[in-house]
Amino acid sequence: MATDRAIARDAEMLSAQLQAMRDRLFSPTSKKVLRKFSSGEAARLIGVTDGYLRQLSIAGEGPQPETGAGGRRYYALDDINGLRRHLAEQNPTKARHYLPRRDTGRGEHLQVIAVTNFKGGSGKTTTSTHLAQHLALAGYRVLAIDLDPQASMSALLGYQPELDLDGNDTLYGAIRYDEERRPLTDIIRRTYFDGLDFVPGNLELQEFEHTTPQMLAVRQAGDNKAMFFARVQEALQTVADNYDVVVMDCPPQLGFLTLSALCAATSVLVTIHPQMLDVASMSQFLFMTADLLSVVREAGGELNFDFMRYLITRYEPNDGPQTQIVGFLRSLFGDRVLTAPLVKSTAFSDAGLTKQTLYEVSRESFSRATYDRAMESLTAVNGEIESLMLKAWNRAA
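In this text the structure is predicted, and so the values were computed from the model without any measurement.

Moving on to the overall build of the protein. Helices and strands together make up the secondary structure of the protein, namely 17 helices and 10 strands. Put simply, the protein has 397 residues, and 50% of those count as buried. By sequence separation, contacts in the protein at least 24 residues apart represent 75% of the contacts at least 6 residues apart. Split by element, the accessible area of the protein, about 18700 Å² in all, is 51% carbon and sulfur.

Spelled out as structure tokens, the structure:
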């Protein structure tokens with residue numbers, strides 16, 4: 001059998017098995033649904049006591065919980081957000097506490113966070129997906145965008161690109177150069193995670209890498225189309241009023257997609273796996289990024305980041321060489337390295353077996369020590385990023 005046909009057959013078999021797995025995992029609809037949260041979890045998310053939630057439930061105020069065995073109360077995420085709105089209406093002076101959404105009247109701009117590095121395995125998808133979900137759980141209106149043709153974020157959010165997307169369904173549809181360009185509002189999808197919308201990715205994103213050089217050549221002959229680096233930013237501006245934060249999972253390469261994302265970003269996270277080869281690779285990434293962005297700036301692109309931070313990922317605190325490398329990075333970059341690292345944990349990989357994040361699984365699914373250690377790390381990382389975002393809005397964390 002010809003090699004191309006053998007590879008195509010393998011792809012078809014793998015796709016069929018992934019579909020069968022999804023049918024089993026997400027029965028009966030084959031679509032992901034988010035678990036309900038205990039009253040204690042809901043209280044922590046809202047920022048009230050469990051006793052206060054019980055009083056609201058007894059009084060019939062706001063969305064009512066589902067009652068399980070032993071009288072335990074459970075809330076769906078949309079119920080939690082409904083309670084946030086109810087409490088904000090009841091107590092306007094604390095409205096921002098319950099609903100932390102940005103205030104355009106105070107000049108709080110859309111926060112666009114690009115998560116990037118051009119070395120695979122640095123934890124970009126784990127970081128970006130958990131960050132988007134953390135912010136949605138905190139009450140922000142979030143748009144997640146999968147810019148990676150490999151579509152790992154899409155898979156984690158329940159999509160199988162070759163089956164669920166018909167074509168022109170990725171961000172490429174909103175930034176392409178021809179007459180098939182679509183409004184971004186037509187591409188954005190609601191997710192099972194209330195407050196989190198999504199733009200999926202697939203292989204068609206790679207078309208932007210192929211068509212952009214052609215358009216640059218045409219532009220030299222007098223074409224007036226917007227330069228490539230402005231197209232993602234222009235697309236996001238059309239939906240800016242609907243969101244507080246955009247989180248972009250960039251591809252592991254420094255191509256036109258990544259450059260466009262960086263030019264649209266207000267903030268950047270560079271993920272680093274603390275191994276010497278990864279750090280050496282990042283050095284080349286930074287040199288290349290600086291050179292290319294300087295060309296973009298000279299061509300009229302605006303590059304003003306609210307913050308740029310390095311995030312240590314897959315960190316093993318008991319690994320001596322890793323600890324030395326982390327110390328080395330902190331001595332070089334100071335507070336541009338996030339204080340909290342994202343630890344390596346089987347909790348992330350175990351949750352990934354069922355295409356779930358740590359926020360989607362319950363604590364009972366793991367040994368408590370494993371879950372608590374991973375969640376403590378995740379909460380610290382995302383909390384630090386959220387604080388930087390609030391600082392950019394001139395708001396106390």
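Let us keep going from here.
On to the sheet that holds strand E3 (residues 73-75). Overall, antiparallel pairing links the 3 strands, which are arranged E1-E3-E2 in an open sheet. Of all the strands in the sheet, just strand E1 (37-38) and strand E2 (66-67) have a single pairing partner and so form its edges. Sheet analysis places E2 next to E3, joined by 2 bridges and oriented antiparallel. Within the sheet, the bridge partner assigned to Thr67 lies in E3 and is Arg73. Contacting E1 and E3, helix H4 (residues 77-90) runs over the sheet at an angle of about 85° to E3.

Of all 6 residues in strand E10 (residues 307-312), 5 are buried, a share of seventy percent or more. Looking at chain direction, strand E9 (residues 267-272) and E10 are connected through 6 bridges and run parallel. When the sheet's bridge partners are listed, Leu269 is paired in E10 with Arg309.

A word on the packing of aromatic side chains. The description of an aromatic ring pair rests on the distance of the ring centres and on the angle between the ring planes. One pass over the structure, following the stated rule, counts 5 aromatic pairs. Residues Tyr159 and Phe198 carry aromatic rings whose centres are separated by 5.6 Å and whose planes lie at 40° to one another, so their mutual orientation is tilted. Of this pair, Tyr159 sits in the loop between helix H7 (152-156) and helix H8 (161-164) while Phe198 sits in strand E7 (residues 196-199), and the two are 39 residues apart along the sequence. Each member of the pair, Tyr159 as well as Phe198, carries the same accessibility label: buried.

Another aspect to go through is the pairing of E7. In E7, alternate side chains face the same way, and those of Leu196 and Phe198 on one face and Asp197 and Val199 on the other are all buried. As paired strands, strand E5 (residues 142-146) and E7 are joined by 4 bridges and run parallel to one another. Following the sheet pairing, Ala144 is matched in E7 by Phe198. Sheet topology note: the strand E6 (residues 189-190)/E7 ladder contains 2 bridges and is antiparallel.

On to the packing of helix H14 (residues 276-298) against helix H15 (residues 320-333). Taken N-terminus to C-terminus, the directions of H14 and H15 make an angle of 25°; their axes are 11 Å apart at the nearest point. Classed by the angle they form, the pair H14 and H15 counts as roughly parallel. Handedness of the H14/H15 crossing: right-handed. Residue-level inspection shows Met276, Val279 and Met282 of H14 in contact with H15, the latter providing Ile325, Phe328, Leu329 and Phe333. Its residues placed into classes, the contact of H14 with H15 shows 7 nonpolar, no polar and no charged.

Calculation rules
Residues numbered from 1 in each chain as written. Predicted model: local features only at pLDDT ≥ 70, side-chain atom pairs only at ≥ 80, totals over all residues. Heavy atoms only, no water. Helix = DSSP H or I, 4+ residues; strand = E, 2+ residues; numbered from the N terminus. Buried < 20%, exposed > 50% of the residue type's maximum accessible area, 1.4 Å probe, protein only. Contact = heavy atoms within 4.5 Å. Areas by Shrake-Rupley, 256 points an atom, 1.4 Å probe, with all protein chains shown as cover. Pairing = 2+ DSSP bridges. Axes fitted to C-alpha atoms, helices over the stretch in contact; angles between N-to-C directions. Phe/Tyr/Trp six-rings, centres within 6.5 Å; stacked < 30°, edge-to-face > 60°. Parallel < 35°, antiparallel > 145°, perpendicular 65-115°, else oblique. Left-handed = near helix turned anticlockwise from the far one by under 90°. Nonpolar A, V, L, I, M, F, W, Y, C, P; charged D, E, K, R; others polar.

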